[in-house]
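Spelled out from the first residue to the last, the chains are:
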Amino acid sequence: MTHLVTNLMTTVLMQSSTDPALAAGEGPTPKTFWLPEGASTFAETNDWVFNFINYINYFFFFLVVGLMFYFVWKYRQKGREVYARGPSHNTVLELGWTIIPTLIVVVIFFIGFRGFVSMKTVPANAYQIDVTALRYGWVFKYPNGATSEDLYVPAGKPVKLVMRSEDVLHSLYIRDFRVKQDVVPGRYTTMWFQADNPTEGEDFHWLFCTEFCGVGHSNMNRKVYVLNEMDFNEWVVEQGRWL
């Protein structure tokens with residue numbers, strides 16, 4: 001059993017390190033029961049890891065619950081005689097329930113750490129947008145000085161958000177991009193993503209603050225628009241003309 005699990009874990013690690021889809025992401029991922037449609041290059045990897053951990057949970061849930069019901073039925077009291085004796089030690093079983101979960105957790109750690117490093121390593125050519133969080137709203141400032149309350153980003157280009165808070169703890173979360181980062185008073189935090197597919201018409205992606213910051217917390221919901229490069233450049237120039 002341990003040998004089987006070891007081979008499975010080795011295969012998963014090799015796949016996660018060589019599969020281009022897991023290394024860089026491949027655009028939108030389909031909506032599922034647990035997750036909305038993914039719209040960034042991180043979505044493919046994050047959704048795969050999420051589903052991988054979920055399937056492990058499903059397996060052990062049904063295994064444990066199934067065994068529990070089986071033992072309840074098999075060892076139920078029959079008649080008035082109580083048989084309370086049983087095995088007190090099983091080396092193979094004890095090693096199994098120690099080694100197998102440890103191997104699984106180690107694999108999950110390495111897969112998660114690889115994704116964490118990728119999400120924290122900002123590409124050198126990233127387009128920077130400065131973000132200020134305040135009760136109860138967001139201010140997005142672009143390189144030419146233009147500002148907006150909703151977030152506009154170019155399609156097919158990495159975007160770096162440099163964030164700060166004017167008052168209390170906030171947290172910027174774009175669920176469709178699978179990215180989230182706390183915005184802490186007195187320090188700068190960063191986050192990056194890349195969305196390759198422009199939003200069409202009235203479509204947009206939701207941006208939330210996921211740290212309760214006061215009575216107007218729900219008013220911090222904003223929209224994210226992904227524009228193709230030409231439309232985005234025109235929008236930034238037009239938005240900056242008030243200066």
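Basis of the calculations
- Residues numbered from 1 in each chain as written.
- Predicted model: local features only at pLDDT ≥ 70, side-chain atom pairs only at ≥ 80, totals over all residues.
- Heavy atoms only, no water.
- Salt bridge = Lys/Arg side-chain N within 4 Å of Asp/Glu carboxyl O.
- Buried < 20%, exposed > 50% of the residue type's maximum accessible area, 1.4 Å probe, protein only.
- Pairing = 2+ DSSP bridges.
- Helix = DSSP H or I, 4+ residues; strand = E, 2+ residues; numbered from the N terminus.
- Axes fitted to C-alpha atoms, helices over the stretch in contact; angles between N-to-C directions.
- Expected span 1.5 Å × (residues − 1).
- Polar contact = N/O pair within 3.5 Å; in protein donor to acceptor, adjacent residues only side chain to side chain.
- Core = buried A, V, L, I, M, F, W, Y, C linked by side-chain atoms within 4.5 Å.
- Contact = heavy atoms within 4.5 Å.

**Student:** Help me understand the pattern of salt bridges, please; the structure alone is not making it clear to me.
**Tutor:** Proximity of charged atoms lets side chains of opposite charge pair with each other. Counted under the stated rule, the structure contains five salt bridges. Its salt-bridge partner being Lys180, residue Asp182 comes within 3.6 Å of it at the nearest N-O pair. Its relative accessible area of 45% is what places Lys180 among the partly exposed residues.

**Student:** Which parts of the structure should I look at to understand the sheet that holds strand S10 (residues 222–227)?
**Tutor:** Paired through their backbone hydrogen bonds, the strands of a sheet run either parallel or antiparallel. Overall, mixed pairing links the five strands, which are arranged S4-S10-S9-S6-S7 in an open sheet. Every other strand in the sheet has two partners, leaving strand S4 (151–154) and strand S7 (179–183) as the edge strands with one partner each. The sheet shows a mean angle of 25 degrees between the axes of neighbouring strands, taken without regard to direction. Sheet topology note: the strand S6 (residues 170–174)/strand S9 (residues 205–209) ladder contains two bridges and is antiparallel. What sits directly across from Tyr173, in S9, is Phe208.

**Student:** Where do I start with helix H4 (residues 91–120) in this structure?
**Tutor:** Think of an α-helix as turning once every 3.6 residues; residues three or four places apart then point the same way. Its 30 residues place the ends of H4 43 Å apart at the C-alpha level, agreeing with the 44 Å of an ideal helix rising 1.5 Å per residue. Those residues of H4 not exposed but buried are Gly96, Ile100, Ile104, Val107, Ile111 and Gly115. In this structure Asn90 caps H4, since a side-chain oxygen of it lies 3.3 Å from the backbone nitrogen of Val92.

**Student:** Can you help me understand the pairing of strand S5 (residues 159–165) in this one?
**Tutor:** Both faces of the sheet carry side chains from a regular strand, because those side chains alternate between them. Among the seven residues of S5, five are classified as buried, and the element is accordingly described as predominantly covered. Direction of pairing for strand S1 (residues 127–134) relative to S5: parallel, over a ladder of seven bridges. Residue pairing for S5: Tyr127 is matched across the bridge by Val159. Pairing geometry for S5 and strand S8 (residues 189–193), over five bridges, is antiparallel. Residue pairing for S8: Val162 is matched across the bridge by Thr190.

**Student:** Whenever I open this one, the nonpolar core confuses me. Can you help?
**Tutor:** The nonpolar side chains of soluble globular proteins are, as a tendency, buried together. Core analysis: the biggest nonpolar cluster contains 37 residues, and Trp138, Tyr142, Leu151, Leu161, Leu172 and Phe193 have the highest contact counts within it. If sequence neighbours within four positions are ignored, Phe193 has contacts with Phe42, Leu151, Val153, Lys157, Pro158, Val159, Leu161, Ile174, Phe177 and Val179.

**Student:** Explanation requested: the pairing of S9 in the structure shown.
**Tutor:** Here S9 lies mainly inside the structure; four of its five residues are buried. In terms of strand pairing, S9 meets S10 through three bridges, oriented antiparallel. Across the sheet, the residue bridging to Leu207 is Arg222, located in S10.

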